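Topology and contacts: notes
What follows is the residue order along each chain.
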Amino acid sequence: MSWIDQRPDDAMMGSFEAIGPEPIATVAPAQFREAMSRLGAAVHVVTTAGPAGKAGFTATAVTSVSDQPATLLVCLNRRSQVTPILQENRVLCINTLRAGGDPVADLFAGRTGVPMAERFAGMDWMSLDTGAPVLPSAVIAFDCRVIEVKAVGTHNVIIAGVVALRLGEPGPALVYHERAYKQV
Ligand SMILES: Cc1cc2nc3c(=O)[nH]c(=O)nc-3n(C[C@H](O)[C@H](O)[C@H](O)COP(=O)(O)O)c2cc1C
């Protein structure tokens, strides 16, 4: 069995080997999460729309990959309800939240218990090229097509090509640091 075929449970239950192409030692998941909580990161709502329907999730695991062609990566837990929807739609929009966007972040993180179908209600959404929902209040919205998906551990690393973007009003953005929302 290759390392990407390991079930997420195996990785979560304390068998801390075989996470690379060659078996290597690693640290406990809780220790890693504690370490990651000390890194401040921008908060985004990643949305998708298409034949499989509309969905979105809150993410901090978003990174720039290349500027030519403009490419980002997003990491999404394979157990998320968004995973099969995004897999079929193949488009997404990364909406970088403005300071004060805590309620939207909590909503799309599933922390308020609002079902997916209702999470888009009560806010005005736009779209750019792909049809993925764009949050007008976002600091930036990156409208993307999925180029490649690679399973790594518990998550899918989604390589996304930016086909359009919308620069919102300049201003402070929302970041997550030490398990709290802050602004930068
Ligand atoms: C601040 C914050 C950042 C998050 N970042 C990610 C992320 O980068 N990738 C991810 O898969 N889930 C991330 N999550 C968790 C998801 O937003 C969501 O809670 C999870 O996918 C379960 O959602 P569901 O019950 O709607 O499927 C984050 C949650 C919070 C609160």
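Residues numbered from 1 in each chain as written. Predicted model: local features only at pLDDT ≥ 70, side-chain atom pairs only at ≥ 80, totals over all residues. Heavy atoms only, no water.

1. Some remarks on the overall build of the protein chain
The helix and strand tally for the protein chain stands at five helices and ten strands. Scored against the burial criterion, the 184 residues of the protein chain give a buried share of 35%. Counting only contacts in the protein chain whose residues sit at least 6 apart along the sequence, the fraction spanning at least 24 positions is 62%. Working note: accessible area of the protein chain is about 10,000 Å², and carbon and sulfur atoms make up 57% of it. (Helix = DSSP H or I, 4+ residues; strand = E, 2+ residues; numbered from the N terminus. Buried < 20%, exposed > 50% of the residue type's maximum accessible area, 1.4 Å probe, protein only. Contact = heavy atoms within 4.5 Å. Areas by Shrake-Rupley, 256 points an atom, 1.4 Å probe, with all protein chains shown as cover.)

2. Focus on a nonpolar patch on the surface
Together, Val27, Phe32, Met36 and Leu39 line one region of the surface with nonpolar side chains, adding up to about 370 Å² of accessible area. Residue position: Met36 is located in helix α2 (residues 29-37). (Patch = residues over 30% accessible without salt bridge, like charges linked within 9 Å, V, L, I, M, F, W, Y side chains within 5 Å. Salt bridge = Lys/Arg side-chain N within 4 Å of Asp/Glu carboxyl O.)

3. Some points on the sheet that holds strand β5 (residues 70-77)
Strand order in the open sheet made by the seven strands is β3-β2-β6-β7-β8-β5-β4, with antiparallel pairing throughout. A single partner strand is all that each edge strand has here, and the edge strands are β3 (55-59) and β4 (62-67). For this sheet, the mean angle separating the axes of adjacent strands, direction not counted, is 30°. (Pairing = 2+ DSSP bridges. Axes fitted to C-alpha atoms, helices over the stretch in contact; angles between N-to-C directions.)

4. Here's the deal with the site of the ligand
Neighbouring residues of the ligand: 17 residues in total, closest Thr58, Cys75, Asn77, Gln81 and Ala109. Backbone polar atom of Ala109 to an oxygen atom of the ligand: 2.6 Å apart, as the coordinates give it. At the level of elements, β3 and β5 are the ones that each hand at least two residues to the shell around the ligand. When its residues are assigned to classes, the shell around the ligand shows nine nonpolar, six polar and two charged. (Near = heavy atom within 4 Å. Polar contact = N/O pair within 3.5 Å; in protein donor to acceptor, adjacent residues only side chain to side chain. Nonpolar A, V, L, I, M, F, W, Y, C, P; charged D, E, K, R; others polar.)

5. Some details on empty space enclosed by the protein
Enumeration according to the criterion identifies one cavity of 30 Å³ or more in this entry. Space inside the largest cavity adds up to approximately 80 Å³. If you trace the largest cavity, you find it lined by Leu76, Thr83, Leu86, Gln87, Arg90, Val146, Val149, Asn156 and Ile158. Counting residues per element, the ones that place at least two in the lining of the largest cavity are α3 (82-89), β7 (140-152) and β8 (155-167). Examining the composition of the lining of the largest cavity, we find that three residues originate from one element, α3, more than from any other. Of the residues belonging to the lining of the largest cavity, the class tally is five nonpolar, three polar and one charged. (1 Å grid on protein atoms, 1.4 Å probe; cavity = no way out; pocket = protein on both sides within 12 Å on 5 of 7 lines; lining within 4 Å. Points joined across faces, edges and corners; volume = space filled by probe spheres on them.)

6. A closer look at the confidence of the model for the protein chain
Atomic detail in the predicted coordinates should be set aside for any region of low pLDDT. Considering every residue of the protein chain, the mean pLDDT works out to 91; 89% of them sit at 70 or more. Segment residues 1-17: pLDDT under 50, and 27 contacts once partners within four positions in sequence are set aside and those in other chains are kept. (pLDDT = per-residue confidence, 0-100.)

7. As for the packing of aromatic side chains
For the structure on display, the rule yields four aromatic pairs. Measuring from centroid to centroid gives 5.1 Å for Phe108 and Phe120, while their planes differ by 75°, and the two rings are edge-to-face. In this pair, Phe108 is assigned in helix α4 (residues 102-108) and Phe120 in the loop between α5 (116-119) and β7, connecting sequence segments twelve residues apart. Here Phe108 and Phe120 have matching classes, each one buried. Measuring from ring centre to ring centre gives 5.9 Å for Phe108 and Trp125, while their planes differ by 75°; the resulting arrangement is edge-to-face. Of this pair, Phe108 sits in helix α4 while Trp125 sits in the loop between α5 and β7, and the two are 17 residues apart along the sequence. Counting every residue linked through ring pairs, the aromatic cluster contains Phe108, Phe120 and Trp125. Sitting above the plane of the Phe120 ring, Lys54 keeps its charged end 5.1 Å from the centroid. (Phe/Tyr/Trp six-rings, centres within 6.5 Å; stacked < 30°, edge-to-face > 60°. Lys NZ or Arg CZ within 6 Å of the ring centre and 35° of its normal.)

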